[in-house]
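For reference, the chains in residue letters:
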Amino acid sequence: HQWPHTHVKTHTNFPDSGLGGHNHCRNPDQDMTPWCFTMDSEVRWDYCDVPPPSEAPCVHTFEAPPPNITTIALNQMVRGEAPEHVFRHYHVPIGETIQSIKIVVVPHTGDSDLYVSFDNPLPTGANYTFMQEKVGVDVFEIGRENRFFCNGLSSGSCMLYLSVLGWEASTFSLIVYGVEKSYFKQGQHDSAQMPVLLCAAGCEWRSLGDGKCNPQCNNTACFWDRGDCTASSTGCSADCKPDWIGDGYCDEACFISQCHWDHRDCLDKHQKPCGDYCMPSLLADGECDAYCNMETCEYDRGDCFHEHDECYERADGADYRGRVSTTVSGLECQAWSEQSPQAHINTHAQNPRAGLGGHNYCRNPDGEPQPWCYTIDPNTRWEICDIGTKSDTSCISPPPPSPS
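In this text, all values refer to a predicted model and were calculated from it rather than measured experimentally.

Colleague: Can you walk me through the state of the cysteines in this structure?
Modeller: Cysteine pairs can be covalently joined through their sulfur atoms, and such a bond is termed a disulfide. By the definition in use, this model includes 14 disulfides. Between the sulfur atoms of Cys278 and its disulfide mate Cys292 the distance is 2.1 Å. Since a negative S-S torsion denotes a left-handed disulfide, the Cys278-Cys292 link at about 110 degrees is right-handed. In this pair, Cys278 is assigned in the loop between β11 (170-180) and α1 (298-301) and Cys292 in the loop between β11 and α1, connecting sequence segments 14 residues apart. Take Cys278: its relative accessible area is 2%, and that puts it in the buried class. Given the relative accessible area of 0%, Cys292 is considered buried. The cysteine Cys36 is free of any disulfide, with Cys48 supplying the nearest cysteine sulfur at 4.0 Å.

Colleague: Where do I start with the pairing of β11 in this structure?
Modeller: Within a regular beta strand, the side chains point alternately toward one face of the sheet and then the other, so they alternate between its two faces. Burial analysis of β11 places ten of its eleven residues in the buried class, which makes it a mostly covered element. Where strand β4 (residues 78-82) meets β11, five bridges bridge the pair, whose relative direction is antiparallel. Across the sheet, residue Val78 finds its bridge partner in β11, namely Leu174. Of the pairings in the sheet, the one linking strand β6 (residues 98-109) to β11 comprises ten bridges and is antiparallel in character. Residue Ile98 lies in a different strand from β11, and its bridge partner there is Glu180.

Colleague: I keep staring at the sheet that holds β11 and nothing clicks. Help me out?
Modeller: Picture the strands of a sheet paired through backbone hydrogen bonds; they go either parallel or antiparallel. An order of β4-β11-β6-β9 is seen for the four strands of this open sheet, with the pairing classed as antiparallel. Both outer strands of the open sheet, β4 and β9 (138-143), are each paired with one neighbouring strand and no more. The sheet shows a mean angle of 20 degrees between the axes of neighbouring strands, direction not considered.

Colleague: Please clarify how the environment of Ile72 should be interpreted in this entry.
Modeller: Tracing the chain through its elements places Ile72 in the loop between β3 (69-71) and β4. Between the C-alpha atoms of Ile72 and Cys373, which are 301 residues apart in sequence, the distance is 35 Å. Residue contacts for Ile72: discarding those within four places in its chain leaves Val78, Tyr90, His91, Val92, Pro93, Leu174 and Val176.

Colleague: So what exactly am I meant to see when it comes to the confidence of the model for the chain here?
Modeller: Atomic detail in the predicted coordinates should be set aside for any region of low pLDDT. In this model, the chain carries an average pLDDT of 90, and 94% of its residues clear a pLDDT of 70 or more. Taken element by element, the chain is modelled with least confidence in strand β2 (residues 45-47), mean pLDDT 93, and with most confidence in strand β12 (residues 372-374), mean pLDDT 98.

About the criteria used
Residues numbered from 1 in each chain as written. Predicted model: local features only at pLDDT ≥ 70, side-chain atom pairs only at ≥ 80, totals over all residues. Heavy atoms only, no water. Disulfide = S-S within 2.5 Å. Helix = DSSP H or I, 4+ residues; strand = E, 2+ residues; numbered from the N terminus. Buried < 20%, exposed > 50% of the residue type's maximum accessible area, 1.4 Å probe, protein only. Pairing = 2+ DSSP bridges. Axes fitted to C-alpha atoms, helices over the stretch in contact; angles between N-to-C directions. Contact = heavy atoms within 4.5 Å. pLDDT = per-residue confidence, 0-100.

Rendered as structure tokens:
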């Protein structure tokens, strides 16, 4: 459960830690001793008084099965399946001639999420480097210019580790494209070696199954636009199954206007939808959610800093929560919740107190001399921002209400 304390210590993120639908004490994060979240809203967690370790071997009634690992080659589409809350692991050899990769996971049934690592052979929600968990097709790109690619090797071969999680029993297709260094040689793109990273010209992977028929995607290679061009298509996304709407269960994939807001399965009587995929549970939850960062959702009811001023007190600007979103050279900042064009690990999940999330405002989550941001320019990974000078008096942000 996520009440009274929201957390990430779930079976999905720690599949081998004995978590799940119970309240027994556990130790998923290698703390001193088992612990638990409490039902007291004022006490987030506490240690448990468990018996001392047994001196004799323990007899377990259940033994976890070995991990399911498949080695796949670059540029080959493979089909897989993952039971509910089970990871399917893939190892992908990356040759020394590869400059960049693009990973695509196309769900056919259920809801699949992608976890990526170059140093952990079995990435999960507890130890991933990169994660993609959007509704629909997951896409992730990274190249050798990124320090995480091949663990920082500018040359040489390495192994890419992927895990696909089935939030529900899921089937999917997976491909990892590899782009050769020769394509970028001497700074000139060789058109004869131009990589094809789409299922068809003019068809973006993320558009498959979005409820809109794109004729360029309506072919076998693009999975027939995941049904968007069929006569029975209603405009609802492919990830929302018709029998899910109004079934009494809240389905995130159906919480969009095209799917009639899941026939209010996600709403209480007094609630109204404010934006596609902006679930009521996301509003004012302490994280700026990109889906809710719009005027109709009151900018996530304050979570996205639209009521904050430009005041900050620390010399390094780590407490800056203003809305400057361009760098000193005028480049537009990339949203912290996005992984393209710059793949990174500075996310709200990794730095929950740094003011990150579904916005592109300058921040300083990692101890730099001043706030900065990733840029949307593929050739400029990041740059510092000009946020003015720090305040000599205490900041009050959000500002107090008007006396009127």
